[in-house]
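Fold and contact review
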Amino acid sequence: RNGKIFYTSITSLSHISKCEWDETKWYAYQLNRADLGEGMLLAFRREQCAEDVRTFRLRGLEPERRYRITNMDTEAVYEASGRELMEQGARAVTTKPRESVLLLYRLI
């Protein structure tokens, strides 16, 4: 269903270099298909990470438009503007280390 999202470049949202892989941090990346008005955030909570919640600011969205965000793990759905997602961010929540979060977003 979402395979077309993978035909774009990957944007790291974690500010981690390729040489640095800190087990106490989250790692996240975004795939954004601006031409389709959709994309995804995939976040990984590393093994020694104590933070169960992390917010990631998305990039390349339309600030004045609204998006529907679906958490593919919990099936929770909410709406936010592109500006909110780029300035305030999208939240990734896990219950324990070594879990991931997949958020899909689409223009409404």
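Rules used in this analysis
- Position numbers for residues count from 1 along each chain, tracking the sequence in the order it is written.
- With pLDDT at 70 or above as the cut-off, local features in this predicted model cover only qualifying residues; side-chain atom pairs require 80 or more to be listed or tallied, and sums for whole chains, interfaces and linings still use all residues.
- To obtain the side-chain values, all non-hydrogen atoms of the structure were included, while hydrogens and water were left out.
- The helix and strand labels rest on DSSP assignments: H or I over at least four residues marks a helix, E over at least two residues marks a strand, and numbering proceeds from the N terminus.
- Relative accessibility decides the category of a residue: with a 1.4 Å probe and only protein chains considered, values under 20% of the type maximum give buried, values over 50% give exposed, and everything between is partly exposed.
- Here, residues are in contact when the closest pair of their heavy atoms is within 4.5 Å.
- For the area figures, the Shrake-Rupley method with a 1.4 Å probe applies, and any residue is considered shielded solely by the protein chains shown.
- A pair of strands is considered paired only if DSSP assigns at least 2 bridges between the two.

**Points about the overall build of the chain**
- Assigned secondary structure in the chain consists of 1 helix and 8 strands.
- Along the chain, helices and strands appear, N-terminal first, in the series β-β-β-β-β-β-α-β-β.
- Taken across its 108 residues, the chain has 39% of its residues classed as buried.
- By sequence separation, contacts in the chain at least 24 residues apart represent 62% of the contacts at least 6 residues apart.
- When the accessible area of the chain is evaluated, it comes to approximately 6700 Å², of which 48% is carbon and sulfur surface.

**Quick notes on the pairing of strand E6 (residues 77-81)**
- Sheet analysis places strand E5 (residues 66-71) next to E6, joined by 5 bridges and oriented antiparallel. Considered in E6, the bridge of Arg66 is made with Ser81.

**Describing the environment of Asp52**
- Within the element layout of this structure, Asp52 appears in the loop between strand E3 (38-45) and strand E4 (53-56).
- Owing to a relative accessible area of 40%, Asp52 belongs among the partly exposed residues under this scheme.
- Here the alpha-carbon distance between Asp52 and Trp26, two residues 26 residues apart in the chain, equals 9.4 Å.
- Those residues in contact with Asp52 that sit more than four places away from it in its chain are Trp26, Arg45, Ala92, Val93 and Thr94.

**A look at the environment of Leu41**
- Mapped onto the elements of the fold, Leu41 is located in strand E3.
- Spatially, the C-alpha atoms of Leu41 and Leu102 are 5.9 Å apart, while their sequence positions differ by 61 residues.
- Residues contacting Leu41, with those up to four places away along its chain left out, are Leu13, Ala28, Tyr29, Phe56, Leu58, Ala90, Val101, Leu102, Leu103 and Tyr105.

**Re unusual backbone geometry**
- Phi at Glu75 is positive, roughly 70 degrees, even though this residue is not glycine.
- Note that Glu75 resides in the loop between E5 and E6.
- The phi torsion at Arg98 lies on the positive side, around 65 degrees, for a residue other than glycine.
- Within the secondary structure layout, Arg98 lies in the loop between strand E7 (90-93) and strand E8 (100-107).
- Residue classification places Arg98 among the exposed residues on the basis of a relative accessible area of 65%.

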